[in-house]
Amino acid sequence: MPGKSRAVLIGTSTYSDDGLPDIPQVGPGLAQLGRLFTDLGLVQGCDLLLDQPSMPKLGRGLRAAMDQAEDLLLVYYIGHGLIGRQHELYLGMRDSEVDHPDFGSLSYTSLRERVLDSPAAVKIVILDCCFSGRALGSALAAPVDELAIDGTYLMTSAARDKVSLVLPGEEYTAFTGRFLRLLTNGIPGHGDHVTIDEVYRELLRIMTAGNLPRPQKRGTRTADQFRIPNRAVVISPEYLREQVNAVVAKARAEGWAAAVDALVELNDRQVDTLPADDPDVLRTRSHVLFARAAAGGAQAAATDLAALLTTQVTAQGEHHPDSLRTRHYLAICVGESESPAAAVPLLRVLTPVQRTVLGYDDEDTCRTQHALGRYLFRSGEREEAAVVLAEVLAVRERVLAAADPLLAQTRRDLDLVRGSGG
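Quantities reported herein were computed from a predicted structural model and do not represent experimental measurements.

Participant: What is the right way to look at the overall build of the protein in this model?
Facilitator: In terms of helices and strands, the protein carries 13 helices and eleven strands. Expressed as lengths along the three principal axes of its C-alpha atoms, the size of the protein is roughly 75 × 50 × 45 Å. Counting every position in the protein, which comprises 422 residues, the buried fraction comes to 49%. Intrachain contacts of the protein at a sequence separation of at least 6 include 70% that bridge at least 24 residues.

Structure below.
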């Protein structure tokens, strides 16, 4: 999706007023929504505003997030809904009071005004709270230049006089759980995309069939035609491979630990459509284990990577790029779970093999040699570490753009190694 699209996820799971029971399902629900919205490509970023300590801090977070949206602004709230003296809707915050919601609660009117102030072309607001249908009392869209926006869309979990539910044993609230399941699985019988209004109608059918509160909606202009990828359509292995590559590229740039959930989901979807020993399945599995190692499970990941390597070598050969990459991941996990010195011999053996099979200039070769330099340094072998890193720097200076972050990181590491001996 071109331009900047953002999701603002607001929720309150704990309350100081005894009349407002805590809702532990709020946090997991918002976290999963953020992952799903990103995975579907609906937004480029999510701002999670969970259990904000004060209204001013919440307001600053809302303004900062909403101002960044250009194409789509998607606002989702989960928590208690409260009714004011004028029968207006308030969204519960940590210090909300049942009898005086105007103190310490977020007025839906205020939220609505902030949404309309956003420069986003399309604005979608979804409220999962009791009495949320009261938000439909006035149009979300304010009078503006007819060409200024494509439209606004408001969806609520319940009618104006109905409560929303949390069902026993369910991980999410009733509405959000079914909304998540619907977007995750898609709608059979439709094309490769569905509109937000089609999502609403299917959600209405699901909630009604389950004897749950009936969601409500209101749309203006063309917002009800906003398109969402339909996962019920069979997705090609090529598409999933591209998605995996995108997640891996982001993990290498920003950190592997945050990529675990996205990689697991993609691997699960590959398993659903491909044989268990398909190279794509095994390759993504290798990435999953490395991400889990980065999240704190290096020792367990090392064991699983060793078993996976055996499978890959049997299926593809020991010199296949996927097998070599898994050997690299395994060496890193050994270095982190045992000692830096334990990784050095593994990387020393792997580096010349990659040079022969992949070439000196291949980035996988450079990554392994870079890791070898780091582990040599951490093992106290500074002189050899400096030689190894200088070789990596020479290659990367030749093949990478001057502003590439990998080039800058290589220089920093080499400077650190050389400086440590002075």
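That shown, we press on.
Participant: Where do I start with the pattern of salt bridges in this structure?
Facilitator: Side-chain pairs of opposite charge can arise whenever the charged atoms involved come near each other. Throughout the structure, instances matching the rule amount to 22 salt bridges. Between Arg205 and Glu202 there is a salt bridge; the shortest N-O distance is 2.6 Å. Pair noted here: Arg205 and Glu202 are both in helix H5 (residues 196-209), with a separation of three residues, about one helical turn. Ionic pairing is found between Glu384 and Arg348, a salt bridge with its closest N-O pair at 2.6 Å. One end of the pair, Glu384, is in helix H12 (residues 382-399); the other, Arg348, is in helix H10 (residues 340-357), with 36 residues separating them in the sequence. Judged by its relative accessible area of 37%, Arg348 is partly exposed. The network of salt bridges with shared partners includes Arg241, Asp280, Arg283, Asp322, Arg325, Asp364 and Arg367.

Participant: Got a minute to help me understand the sheet that holds strand E5 (residues 89-91) in this structure?
Facilitator: Remark on secondary structure: sheet strands pair via backbone hydrogen bonds, oriented parallel or antiparallel. Strands sit in the order E4-E5-E6 across an open sheet of three strands; the sheet is antiparallel. Both outer strands of the open sheet, strand E4 (81-83) and strand E6 (106-107), are each paired with one neighbouring strand and no more. Two elements, E5 and E6, share two bridges in a ladder whose sense is antiparallel. Paired with Tyr90 across the two strands is Ser107, which belongs to E6.

Participant: It is not clear to me how empty space enclosed by the protein should be interpreted in this structure. Could you clarify?
Facilitator: Where empty space is left in the structure can be found by rolling a water-sized probe over the atoms. Within this structure, the stated rule accounts for two cavities of 30 Å³ or more. Taken as a whole, the largest cavity spans an internal volume of roughly 40 Å³. If you go around the largest cavity, the residues you meet are Phe37, Leu42, Leu74, Ile124, Ile126, Phe179, Leu183, Ile196 and Ile228. Put simply, the parts of the chain that give the lining of the largest cavity at least two residues each are strand E7 (122-128) and helix H4 (174-185). The volume enclosed by the second largest cavity comes to roughly 40 Å³. What lines the second largest cavity is simply Leu182, Leu183, Gly186, Ile187, Val194, Val199, Ile228, Pro229 and Asn230. Broken down by secondary-structure element, the contributors of at least two residues to the lining of the second largest cavity are H4 and strand E11 (227-229).

Reading the values: rules and limits
- Residues numbered from 1 in each chain as written.
- Predicted model: local features only at pLDDT ≥ 70, side-chain atom pairs only at ≥ 80, totals over all residues.
- Heavy atoms only, no water.
- Helix = DSSP H or I, 4+ residues; strand = E, 2+ residues; numbered from the N terminus.
- Buried < 20%, exposed > 50% of the residue type's maximum accessible area, 1.4 Å probe, protein only.
- Contact = heavy atoms within 4.5 Å.
- Salt bridge = Lys/Arg side-chain N within 4 Å of Asp/Glu carboxyl O.
- Pairing = 2+ DSSP bridges.
- 1 Å grid on protein atoms, 1.4 Å probe; cavity = no way out; pocket = protein on both sides within 12 Å on 5 of 7 lines; lining within 4 Å.
- Points joined across faces, edges and corners; volume = space filled by probe spheres on them.

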